[in-house]
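Residue-level listing of the chains:
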Amino acid sequence: MTGPLAGLRILEVGHILAGPYATMLLADLGARVTKIEPPGGDLSRQVSDAYFASLNRGKRSVRVDLATAQGQEHLHALVRDADALLVNLKPSAVHRFGLTHEALAPWNERLVCVILTGWGMDAGDAPAFDYVVQAATGIAALTGAPDGPPLLPGYSSADNSAGLAAALGLLAQVHSGRGGQIEVSLRDVMLSQLNYHAAAWLNEGRAPRRLGGAHAYYVPAQLFPTADGHLALFITHDGFWRSFAAEAGIEGHATMAERAAHREEVVAAVTKALAADTATGWEARLRPLRVPAAAVRTLPEALAATPGAVVGAGGHRLVASPFRIPGHEPPYGPPPALGEHGDLT
């Protein structure tokens, strides 16, 4: 293996998305990742081959029944040679299978254990799927039209965000040179990502409002209809506004504070102006002015426009690693067959 994490040996006991996504990113960076799968395999194998591949390329698979004494012996043998273990199970299963640092320290005291749960290790086993966590942490309440129902994003933002956080925590503890345990929960990650909304409430008593996707502070910063399609416009500082307003033929509202104070008036003026051209037309006009704007595209359109973001991995076409490192080309190996690197059941 090559890459900045070459030589790092990681075990994964997890399923579906958050944990496997974390370890796949680490495998792309050169880590040797071994999935410890139950006799029936990771549940994501039942979704589709492409789904499984999108989270597990470049890994090894060892099939182990952790519920048996023999399975525990195999686990301990694997732990002896590992640098880290990432676990993505409910708390009772983590304890039942002996997957904490305390339980595994007799076999490898320097092992880094990262435990990824929905609500935290002390919060019990309440189901914690992505959409449930988004609803519970205020994400859904912020999403959607002001006079409409709460909505959810069209992808698993909590799982993916928690996976990134777990990977970061794992690397931080490995870098420390000490073994130990890191706990990450989907709930905590999503609350952390509500940073400025939470700060406004905690320090100013200002509760967030559902604004139809519009930014809470910057105006105009939202989606707008055009003559054909929708345009994402993100005006932050006054220089952006001057350039946009001159191109769109809008007068007034020169400062950020004024635009925020007159949100409805500004949005109405921008909506009227943007109706004069298409979304792609506005994008082409605003890009040379360095005004942040983009036509809303479908995922197929976005992938077609970014061919370098698609790679091959064992017969599957997948989105590439988000990390671009000079001199390192991720191996993008195929996803492993169940028990391909050891059937220890």
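Reading the values: the criteria
Residues numbered from 1 in each chain as written. Predicted model: local features only at pLDDT ≥ 70, side-chain atom pairs only at ≥ 80, totals over all residues. Heavy atoms only, no water. Helix = DSSP H or I, 4+ residues; strand = E, 2+ residues; numbered from the N terminus. Buried < 20%, exposed > 50% of the residue type's maximum accessible area, 1.4 Å probe, protein only. Contact = heavy atoms within 4.5 Å. Areas by Shrake-Rupley, 256 points an atom, 1.4 Å probe, with all protein chains shown as cover. Lys, Arg positive; Asp, Glu negative; His and termini not counted. Charge placed at Lys NZ, Arg CZ, Asp CG, Glu CD. Pairing = 2+ DSSP bridges. Axes fitted to C-alpha atoms, helices over the stretch in contact; angles between N-to-C directions. Arc of directions from axis to C-beta. Phe/Tyr/Trp six-rings, centres within 6.5 Å; stacked < 30°, edge-to-face > 60°. Domains from an automatic or database assignment. Expected span 1.5 Å × (residues − 1).

An unreviewed UniProt entry lists the protein chain under the name CoA-transferase, with Streptomyces griseoruber as the source organism.

Colleague: Break down the overall build of the protein chain for me, with residues and values.
Modeller: Within the protein chain, the secondary structure is distributed over 15 helices and eleven strands. With respect to the principal axes defined by its C-alpha atoms, the protein chain has extents near 75 × 45 × 35 Å. Expressed as a percentage of the 345 residues in the protein chain, the buried residues total 44%. Counted over contacts in the protein chain with a minimum sequence separation of 6, partners at least 24 positions apart contribute 69%. Carbon and sulfur atoms form 57% of the exposed surface of the protein chain, whose accessible area is close to 17000 Å². Considering the protein chain, the positive charge centre built from 27 side chains and the negative charge centre built from 32 side chains are found 3 Å apart.

Colleague: If you had to explain the sheet that holds strand E8 (residues 230-234) to someone new, which residues and values would you point to?
Modeller: The three strands lie next to each other as E7-E8-E9, forming an open sheet whose pairing is antiparallel. One side of each edge strand has no neighbouring strand; the edge strands of this open sheet are strand E7 (221-225) and strand E9 (293-295). Neighbour-to-neighbour, the strand axes of the sheet open up by a mean angle of 20 degrees, direction not taken into account. Pairing analysis gives five bridges linking E7 to E8, with the strands arranged antiparallel.

Colleague: How would you sum up helix H11 (residues 238-248)? Please name residues and give values.
Modeller: What H11 keeps buried is the set Trp 241, Phe 244, Ala 245 and Ala 248. Along the axis of H11, the buried positions cluster into a sector of 100 degrees, meaning they face one direction only. Residues of H11 that are exposed and angled more than 90 degrees away from the buried face: Arg 242 and Ala 246. Residues of H11 that are buried make contact with E8, helix H12 (256-261), helix H13 (263-274) and helix H14 (279-286). Of the residues flanking the end of H11, it is Gly 249, one or two places downstream, whose phi is positive at about 75 degrees.

Colleague: An account of unusual backbone geometry is needed here, citing residue identities and associated values.
Modeller: Between Val 219 and the following residue, Pro 220, the backbone shows a cis peptide bond with an omega angle of -5 degrees. Here Pro 220 lies in the loop between helix H10 (195-204) and E7. Its identity as a non-glycine residue notwithstanding, Ile 16 has a phi of 60 degrees, on the positive side. Relative to the helices and strands, Ile 16 resides in the loop between strand E1 (9-13) and helix H1 (18-28). Backbone geometry at Arg 290 places phi at a positive 60 degrees, although glycine is not the residue there. Considering the arrangement of structural elements, one finds Arg 290 in the loop between H14 and E9. The exposure class of Arg 290 is exposed, given its relative accessible area of 70%.

Colleague: Run through the environment of Glu 329, naming residues and quoting values.
Modeller: Mapped onto the elements, Glu 329 comes out in the segment after strand E11 (316-319). For Glu 329 and Ala 268, which are 61 residues apart along the polypeptide, the C-alpha to C-alpha distance reads 48 Å.

Colleague: If you had to explain the packing of aromatic side chains to someone new, which residues and values would you point to?
Modeller: Scanning the entire structure with this criterion turns up four aromatic pairs. Centre to centre, the rings of Tyr 218 and Phe 234 are 5.8 Å apart; their planes meet at 75 degrees, and the pair counts as edge-to-face. Of this pair, Tyr 218 sits in the loop between H10 and E7 while Phe 234 is found in strand E8, placing the two residues 16 residues apart along the sequence. On the basis of relative accessible area, Tyr 218 is assigned to the partly exposed category, the value being 27%. On the basis of relative accessible area, Phe 234 is assigned to the partly exposed category, the value being 37%.

Colleague: Describe the domain arrangement of the protein chain, and please don't skip the residues or the numbers.
Modeller: For the protein chain, the domain assignment lists domain 1 (9-193 + 310-319) and domain 2 (230-295). Taking the mean C-alpha position of each, domain 1 and domain 2 sit 41 Å from one another.

Colleague: Let's hear about helix H8 (residues 157-176): which residues, and what values?
Modeller: An ideal rise of 1.5 Å per residue puts 28 Å on 20 residues; H8 measures up with 29 Å between its terminal C-alpha atoms. When we look at burial in H8, the residues that qualify are Ser 157, Ala 158, Asp 159, Asn 160, Ser 161, Ala 162, Gly 163, Ala 166, Ala 167, Gly 169, Leu 170 and Gln 173. Just downstream of H8, Gly 177 is the residue with a positive phi angle, here 80 degrees.

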